[in-house]
Amino acid sequence: MLFPYGTLPFYKPDMMSRPPQESALGVAEAETLIRRTLRPLGTERVALGAAAGRILRETIAAERDQPPYDRVMMDGIALRHGAPARLPILGTQRAGMPALNLTDPSGCIETMTGAMCPAGADTIVPVERITRVDGVATLEPGYTPVPGQFIHRRGSDCRAGEALLSPGTRLSAPALAVLAGNGVAEVAVSRRPRLAILSTGDELVPVDGPVRDWEIRRSNEEAIAASLALHGFGEAERFWAPDDPDATMAVMTRALAERDVVILSGGVSMGDFDYVPQALEQLGVRRIFHRVAQRPGRPLWFGLGPQGQAVFALPGNPVSAMTCFTRYVLPALTAAEGATESRAVPLALAEDAPRLPDLTRFMPARLTHAASGQTLAHLLPVSTSGDFNHLGSTDGIVEIPPGDGAAPAGSAVTFHGW
Ligand SMILES: Nc1nc2c(c(=O)[nH]1)N[C@H]1C(S)=C(S)[C@@H](COP(=O)(O)OP(=O)(O)OC[C@H]3O[C@@H](n4cnc5c(N)ncnc54)[C@H](O)[C@@H]3O)O[C@H]1N2
Ligand code: MOO
């Protein structure tokens, strides 16, 4: 269907002629503008069982001294240093019971790992170093107990009140152990963003239906949704709009409703049916930038919606969409969550990487981990930014700053994982 400009309801007369090609921002400037625009996400309290992978938004302090008592570290006997080699066994100190009292310094108390050290005892001898006959423990000939050995002293790990986890920490498996071990059953984490993914284009058809010669299966939204899920952002609602201004506006209106972030793909370049930027601006989404000096992904558009929504309009070509999503959207969401981590990591190029004089270049790469300890990025040159069929075996993209000639093999580049 054709829509001559004059018939588009949302085109003001001064929008009918195309603006001259605008200059493009640098990658770092674009990133800074995004960071300044995105609002930090609020917090919510979740039960421990739902906290793994979330971003902590409070300080977690030790509930009590850790360990909370002088903890026996070996199954064996507890004695007072200087006791004789033959010691009557006066009792059994199990884990989960209050401390017994070693009243006779020439005797001993059987102990279990994790138990309280009996009062009056100061040394543990492991069971492998003794024989036990008729209620008497005898030390192995020549074995000299070391005073204080095998007692994990109260408070030697941390003192009550000491900060153990700081806001911005991603809750890993050990962090969950810290929460549980310190009596935190519910924790403040960043709220998940409410997300919408909207793709545009008449040629796009669903994955599970028939596809005609002139049609393309929608794949960008699948990659974006997968990345969001893999990085713990939960589910995004999906929308599709044909290349029709009214339909685009209607779908955008629904996508913008009550969202923190809207991610569009397609319709941001110079084509007669690339309505996305104008439609967004018509709906009150203020453009922050359009076009970044990069390849792929030059037509990237970013704006701020009327309710403070961050709106990313990614170029439709699949490699460009995935590159822009990985380079800009994911890190921005991570920052909005208040995470202190950085998604970008430095590593070495496995081979020379051709630079572009005025553009930052992003190239898909597969990582290998050399025995030397070096992680190498092997580049997967793609013929065009529409060529995504070989990306399935790659790990992410490397960022090659503008310049002449090639970045040499072995030099450090920034890697962004998918
Ligand atoms: N005259 C100019 N033409 C183009 C320019 C330019 O500066 N001047 N920029 C080129 C660049 S760079 C890119 S990237 C593309 C971006 O175009 P759009 O964002 O408008 O995207 P579309 O035209 O809608 O689609 C491009 C391409 O990608 C396919 N596509 C789109 N959405 C999906 C999807 N969800 N799943 C799979 N594939 C998708 C679409 O079928 C097209 O083949 O513009 C250049 N042109
Ligand atoms: O640079 Mo566009 O993003 O390649 O095709």
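All values reported here derive from a predicted model rather than from experimental measurement.

Draft legend 1. Looking closely at the site of ligand 2. Every residue close to ligand 2 is listed here: Pro296, Gly297, Arg298, Pro299, Asn317, Ser320 and Ser385. Measuring from an oxygen atom of ligand 2, one finds a backbone N or O atom of Gly297 at 2.4 Å. A distance of 2.5 Å is found between an oxygen atom of ligand 2 and a side-chain nitrogen or oxygen belonging to Ser320. Judged by its atoms lying within 2 Å of the grid points, ligand 2 is housed in the largest pocket. Across the shell around ligand 2, the residue classes tally to 2 nonpolar, 4 polar and 1 charged.

Draft legend 2. Highlighting the domain arrangement of the protein chain. Along its sequence, the protein chain is organised into domain 1 (13-42 + 192-336), domain 2 (55-65 + 157-189), domain 3 (71-152) and domain 4 (344-417). For domain 1 versus domain 4, the separation of C-alpha centres amounts to 25 Å. Counting residues at the interface gives 16 residues for domain 1, matched by 17 residues for domain 4. For the domain 1 and domain 4 pair, buried surface summed over both sides reaches about 1400 Å², with 69% attributable to carbon and sulfur atoms.

Draft legend 3. Structural context of the layout of surface pockets. In this model, the largest pocket occupies a volume close to 750 Å³. Around the largest pocket, the lining is made up of 43 residues, and of these Gly316, Asn317, Pro318, Ser320 and Ser385 lie nearest the centre. Within the residue set of the lining of the largest pocket, elements represented by two or more residues are β13 (195-200), β15 (216-217), α3 (220-230), β19 (294-295), α6 (318-336) and β24 (360-369). In terms of residue count, the dominant contributor to the lining of the largest pocket is β24 (4 residues). Grouping the constituent residues of the lining of the largest pocket by class yields 17 nonpolar, 17 polar and 9 charged. Residues lining the lining of the largest pocket come from more than one domain, with at least three contributed by each of domain 1 (13-42 + 192-336) and domain 4 (344-417).

Draft legend 4. Summary view of the UniProt feature "domain: MoaB/Mog" (unreviewed entry) in the protein chain. The positions that UniProt labels "domain: MoaB/Mog" (unreviewed entry) are, in the present scheme, residues 196-335. Segment residues 196-335 splits into 34% helix and 25% strand. End C-alpha atoms: 18 Å apart.

Draft legend 5. The sheet that holds strand β17 (residues 261-265), seen in detail. Strand order in the open sheet formed by 6 strands is β16-β13-β17-β21-β20-β18, and the pairing between neighbours is mixed. The sheet terminates laterally at β16 (237-241) and β18 (286-290), the two strands that pair on one side only. Adjacent strand axes in the sheet meet at a mean angle of 20°, parallel and antiparallel pairs treated alike. Bridge count between β13 and β17: 5 bridges; the pairing is parallel. Along β17, the bridge assignment pairs Leu198 with Leu264.

Quick notes on the rules
Residues numbered from 1 in each chain as written. Chains lettered and ligands numbered in written order. Predicted model: local features only at pLDDT ≥ 70, side-chain atom pairs only at ≥ 80, totals over all residues. Heavy atoms only, no water. Near = heavy atom within 4 Å. Polar contact = N/O pair within 3.5 Å; in protein donor to acceptor, adjacent residues only side chain to side chain. 1 Å grid on protein atoms, 1.4 Å probe; cavity = no way out; pocket = protein on both sides within 12 Å on 5 of 7 lines; lining within 4 Å. Sits in = over half its atoms within 2 Å of the grid points. Nonpolar A, V, L, I, M, F, W, Y, C, P; charged D, E, K, R; others polar. Domains from an automatic or database assignment. Contact = heavy atoms within 4.5 Å. Buried area = accessible area lost by both parts, 1.4 Å probe. Points joined across faces, edges and corners; volume = space filled by probe spheres on them. Helix = DSSP H or I, 4+ residues; strand = E, 2+ residues; numbered from the N terminus. UniProt positions renumbered as here; feature names shortened; annotations may be inferred. Pairing = 2+ DSSP bridges. Axes fitted to C-alpha atoms, helices over the stretch in contact; angles between N-to-C directions.

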